[in-house]
Amino acid sequence: MKKFQPRPGFVVQAFRFALDPNAVQEAALRSHCGAARAAYNWAVGWVTASWWQRRAEASYGVPEESLTQWRPWSLPSLRKAFNAAKHTDPKFAAWWEENSKEAYSTGLANASAAFDNYAKSKNGKRRGKRMGAPRFKSKRKARLACRFTTGTIRVDTDGRHVTLPRLGTLRTHEPTAGLLARVQAGTGRILSATVRHERGRWFVAFQVEVKRDLVRVARPDVAVGIDLGVKTLAVMADSTGQIRTVANPGHYDRARKQLRHASRVVSRRQGPDRRTGQKLSRRWEKANAQRNKVHHRVANLREDALHKLTTSVAAEYGTVAVEDLNVAGMLRNRRLARRIADAGFGEIRRQLTYKTRRHATRLVVADRWYPSSKTCSGCGAVKAKLPLHIRTYQCDACHLVIDRDDNAALNLAALAAAAVAGTGVAGDQDTAQTVSKPRGADHKTRATRPRRKAEAGRAGGATLPHQRQTEARDRTQTEALTLW
């Protein structure tokens, strides 16, 4: 399927609003989301049935050319098969007409994408952790979501209601004046709408093609390097030498006492137990809702703080440099996992990626092996090792004494100014002197144990020696740095 391309001068942006549905509308929302889950499970079972059938026939000695044909998992094929089966399948025949066709199309599209990701991951064409075959979604754990692409999808003129297919008019918890003004002015066109239940309430997100003009940043000629941390959320050093520190709000740590009390109340109530068939009590439901309310508040506060930080950075500097952190690997440290997850390192980089595009600014991502903390920002000397508990950097060559995070931010700022990945050193801006790096300075301080088994072409498998050298070596940025 061809990917949608916005018109020149337009971008695709999401507008999300909280909903206030009544009891009947909430039941309809849950029915549509349940229909999407049922269609997804049907597609997974329909496709994998041919896999198991072929395996059984092969075990009986059936030749390859006589085996059952593979069932395709493209979206048109799944739609055609589902439309033929929904009239006779007892799982759908009695109730499939109660929901919009978009609900079933949502589940089939998700199943098709899941099979595509699995096939690409198995063939080594997809980066990241290796993905397994799609599995059935549990009614108890599945996220409630449904997407509408056709039919009546609009924002009402009163600015407090939205209209969706088969669901009718739903009241929004907050005004929709921003999106309504764009639609009425002709600078916005609604493409689709997705309803989702998260953090204890319903939301609708409109995918809109909007006209967006580039906004000039406040300091286009200044580059900034951002060093993320746990004790201090971000240390920002710009190319002028100014250093700013953003404290870590620690929303989860502040709410731990309240969460501890709420969890203790939940543990004293009669909760569900699938092993014994014990059903939950009404008091457990109320206590669990109170505990979830605290979790939701922490998540909302964290999201608000990260958006404010990334928006201010993207609107001020012409070039931003961040590190390519292995967040998934950092979370394996049981001593720091809770604080790293609360800081949201990955979310900061994700937001900076799309917010810098709005201002046509540049985002420089330092190589994962770039020694920003080990490199002296004064002379460029590199230490072979720098344990995490040492918070002050002391250079043996020029005797510079500086905070560890400030030193790393200065090196990232120099990297952003030079726009050359892996070679920016704060002390090398005015001098061409080359300082040799000790052996192992651009590698991990602690070596990880390799996998016991390595498969050829497997995504995330063992790394060959020559591949590791290519990743660890400094790579230059071929594209020239262009400021305003």
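Scroll up to find the structure.
Conventions adopted
Residues numbered from 1 in each chain as written. Predicted model: local features only at pLDDT ≥ 70, side-chain atom pairs only at ≥ 80, totals over all residues. Heavy atoms only, no water. Axes fitted to C-alpha atoms, helices over the stretch in contact; angles between N-to-C directions. Helix = DSSP H or I, 4+ residues; strand = E, 2+ residues; numbered from the N terminus. Parallel < 35°, antiparallel > 145°, perpendicular 65-115°, else oblique. Contact = heavy atoms within 4.5 Å. Nonpolar A, V, L, I, M, F, W, Y, C, P; charged D, E, K, R; others polar. Phe/Tyr/Trp six-rings, centres within 6.5 Å; stacked < 30°, edge-to-face > 60°. Buried < 20%, exposed > 50% of the residue type's maximum accessible area, 1.4 Å probe, protein only. Lys NZ or Arg CZ within 6 Å of the ring centre and 35° of its normal. Expected span 1.5 Å × (residues − 1). Salt bridge = Lys/Arg side-chain N within 4 Å of Asp/Glu carboxyl O.

A. Fine view of the packing of helix α1 (residues 23-59) against helix α2 (residues 75-85). One can describe the packing of α1 onto α2 by two numbers: an axis separation of 11 Å at closest approach and a directional angle of 105 degrees. Considering their axes alone, α1 and α2 lie roughly perpendicular with respect to each other. Taking contact as the criterion, the partners of Trp 42, Ala 43, Trp 46 and Val 47 in α1 are, on α2, Leu 78, Ala 81, Phe 82 and Ala 85. Looking at the contact of α1 with α2 residue by residue, the classes come out as eight nonpolar, no polar and no charged.

B. Region of interest: the packing of aromatic side chains. Within the structure shown, the criterion is met by eleven aromatic pairs. Judged by centre distance (5.2 Å) and plane angle (85 degrees), the rings of Phe 82 and Phe 92 are edge-to-face. Taken together, the residues span a long stretch of sequence, with Phe 82 in helix α2 and Phe 92 in the loop between α2 and α3 (101-122) at a distance of ten residues. Each member of the pair, Phe 82 as well as Phe 92, carries the same accessibility label: buried. Residues Phe 92 and Trp 95 carry aromatic rings whose centres are separated by 5.7 Å and whose planes lie at 35 degrees to one another, so their mutual orientation is tilted. Here the aromatic residues Trp 42, Trp 46, Phe 82, Phe 92, Trp 95 and Tyr 104 are joined through ring pairs into a cluster of three or more. Taking NZ or CZ as reference, Arg 7 lies 4.0 Å from the ring centre of Phe 10, over its face.

C. Structural detail: helix α7 (residues 282-314). Taking 1.5 Å as the rise per residue, α7 with 33 residues should run 48 Å; its terminal C-alpha atoms sit 48 Å apart, in good agreement. Along α7, the residues that are buried comprise Trp 284, Ala 287, Asn 288, Val 294, Val 298, Ala 299, Leu 306, Leu 309, Thr 310, Val 313 and Ala 314.

D. Local environment of the pattern of salt bridges. Applying the stated criterion across every chain, the model contains 22 salt bridges. A salt bridge links Glu 303 to Arg 199, with the shortest nitrogen-to-oxygen separation between them at 2.8 Å. Residue Glu 303 is found in helix α7, and its partner Arg 199 is found in the loop between β6 (188-198) and β7 (201-211); the two are separated by 104 residues along the sequence. For Glu 303, a relative accessible area of 29% puts it in the partly exposed group. Assessed through its relative accessible area of 32%, Arg 199 is described here as partly exposed. The salt bridge partner of Glu 347 is Arg 350, with a shortest N-O separation of 2.7 Å. Here Glu 347 pairs with Arg 350, and both are found in helix α10 (residues 345-358), just three residues apart, close to one helical turn. In this structure Arg 350 comes out as partly exposed when scored by relative accessible area, which is 44%.

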